[in-house]
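Residue strings, one per chain:
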Amino acid sequence: MLTGRGEGNKAADCLRIALKDYNLKFATILDDPDLASFRALPEFKELQEEARLGGEDIGDSFRRDLKLISEVRAPFRGVRKFFYFAFAAAAGISTFFTVPRLIQAFKGGDGAPDLLETTGNAAINIGGIVVLVSLFLWENKKEEEQMVQITRDETLSRLPLRLSTNRVVELVQLRDTVRPVILAGKKETVTAAMQKADRFRTELLRRGVLLVPVVWGERKTPVIEKKGFGASSKAATSLPSIGEDFDTRAQSVVAQSKLKGEIRFKAETVSPDEWERWIRDQQISEGVDPGDDVYIVLRLDGRVRRSGRGMPDWAEISKELPPMDDVLSKLER
């Protein structure tokens, strides 16, 4: 188990070397259960941010993966950027040939092109270049913002929770199973919101709601036995990829079924400081003052569905969220 800043720095340095010199995929760092305790440290976030920005220092595989995910979420962005660039280049070439004609039109004389027409053509070309370049830069900015959000979603998915059975899991293991509702704020505010939620318990459970209270400034040391980077086998259980053999997949289905049975109405955060850090980053991205009372409702696929200041209106949440067996819930998976 990693506990000190120095150990986290050493681990991050080793992983940087592996990423740069041994072509380690960043996805391995995200998925390896033995690195669960490292992912709960600030050093992991620093390494993840370096990987998101790309560069030869730690390889660019993670940034490529982010770009692929970004393309899936915005499938025609690459096509639009290509056409913006191509049309801007065409307008630039046209302007290159128009400028000498414009100079000649200003000079006048026999055979000089019409000044008004030539000026109009030049203005159209220059205006087109400005608009197309602006659109290209805007698409780049939106792509970068989306990759930041994807990175934040990935960080969220690796945050640990303790279920009512005392089992510790990462949030990613609950995908397609529950809709976590994060309640972050002062203790009295969060406690009051939890008590109000009890009145709607039946309806919220039908909709897969799992309450995740985060009290500002609360620090608890997770009681998990780990060796090296490793987490307990219970915390490490996750679903295999489609490419794995049938027996492994069958075992994972059984494991997921058992996990569903362990989920109740409320879960406890492990490593609260990491939860707070993620929530504060999310508040900044949404233009909310860090430290304000907020709630965040997640989708079944783990992404943010909605968020707001204060605590949620449970009656409204019950009406908004479809039951787990509803068609709309299946579309979220």
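Residues numbered from 1 in each chain as written. Predicted model: local features only at pLDDT ≥ 70, side-chain atom pairs only at ≥ 80, totals over all residues. Heavy atoms only, no water.

Asks: What is the right way to read unusual backbone geometry from this model?
Replies: Negative phi is the rule for most residues except glycine; trans is the rule for most peptide bonds. A positive phi angle, near 75 degrees, is found at Asn166, a position not held by glycine. Counting through the fold element by element, Asn166 comes out in the loop between β1 (160–162) and β2 (168–170). Positive phi, close to 60 degrees, is recorded for Ser271, a residue that is not glycine. Position of Ser271 among the secondary structure elements: in the loop between β5 (268–269) and α12 (272–285). (Helix = DSSP H or I, 4+ residues; strand = E, 2+ residues; numbered from the N terminus.)

Asks: How should I be thinking about α12 in this particular structure?
Replies: Every α-helix carries 3.6 residues per turn, so stepping three or four residues along brings you back to the same face. Under the 1.5 Å per step criterion, the end-to-end length of α12 is 20 Å for 14 residues, consistent within 8% with the ideal 20 Å. Buried within α12 we find Pro272, Glu274, Trp275, Glu276, Trp278, Ile279, Gln282 and Gln283. Positive backbone phi, at 75 degrees, marks Gly287, one or two positions downstream of α12. (Expected span 1.5 Å × (residues − 1). Buried < 20%, exposed > 50% of the residue type's maximum accessible area, 1.4 Å probe, protein only.)

Asks: What is the right way to read the environment of Ser37 from this model?
Replies: Following the sequence through the fold, Ser37 ends up in helix α3 (residues 36–39). As a C-alpha pair, Ser37 and Pro160 span 123 residues in sequence and 9.5 Å in three-dimensional space.

Asks: Please explain a nonpolar patch on the surface as it appears in this structure.
Replies: A contiguous nonpolar surface patch, about 550 Å² in accessible area, is contributed by Phe76, Val79, Phe82, Phe83 and Phe87. With respect to the secondary-structure elements, Phe83 resides in helix α6 (residues 77–107). Looking at Phe83, the relative accessible area reads 39%, which means it is partly exposed. (Patch = residues over 30% accessible without salt bridge, like charges linked within 9 Å, V, L, I, M, F, W, Y side chains within 5 Å. Areas by Shrake-Rupley, 256 points an atom, 1.4 Å probe, with all protein chains shown as cover. Salt bridge = Lys/Arg side-chain N within 4 Å of Asp/Glu carboxyl O.)

Asks: What exactly am I supposed to notice about the pattern of salt bridges here?
Replies: When their charged atoms lie close together, side chains carrying opposite charge are able to pair. Counted by the stated rule, this structure contains 19 salt bridges. In this structure, Glu170 engages Arg158 in a salt bridge whose closest nitrogen and oxygen atoms are separated by 3.6 Å. In this pair, Glu170 sits in strand β2 while Arg158 sits in the loop between α7 (115–157) and β1, placing the two residues twelve residues apart along the sequence. The same class applies to Glu170 as to Arg158, namely buried. By sharing partners, the salt bridges in this structure join Arg179, Arg305, Arg306, Glu316, Glu320 and Glu332 into a single network.

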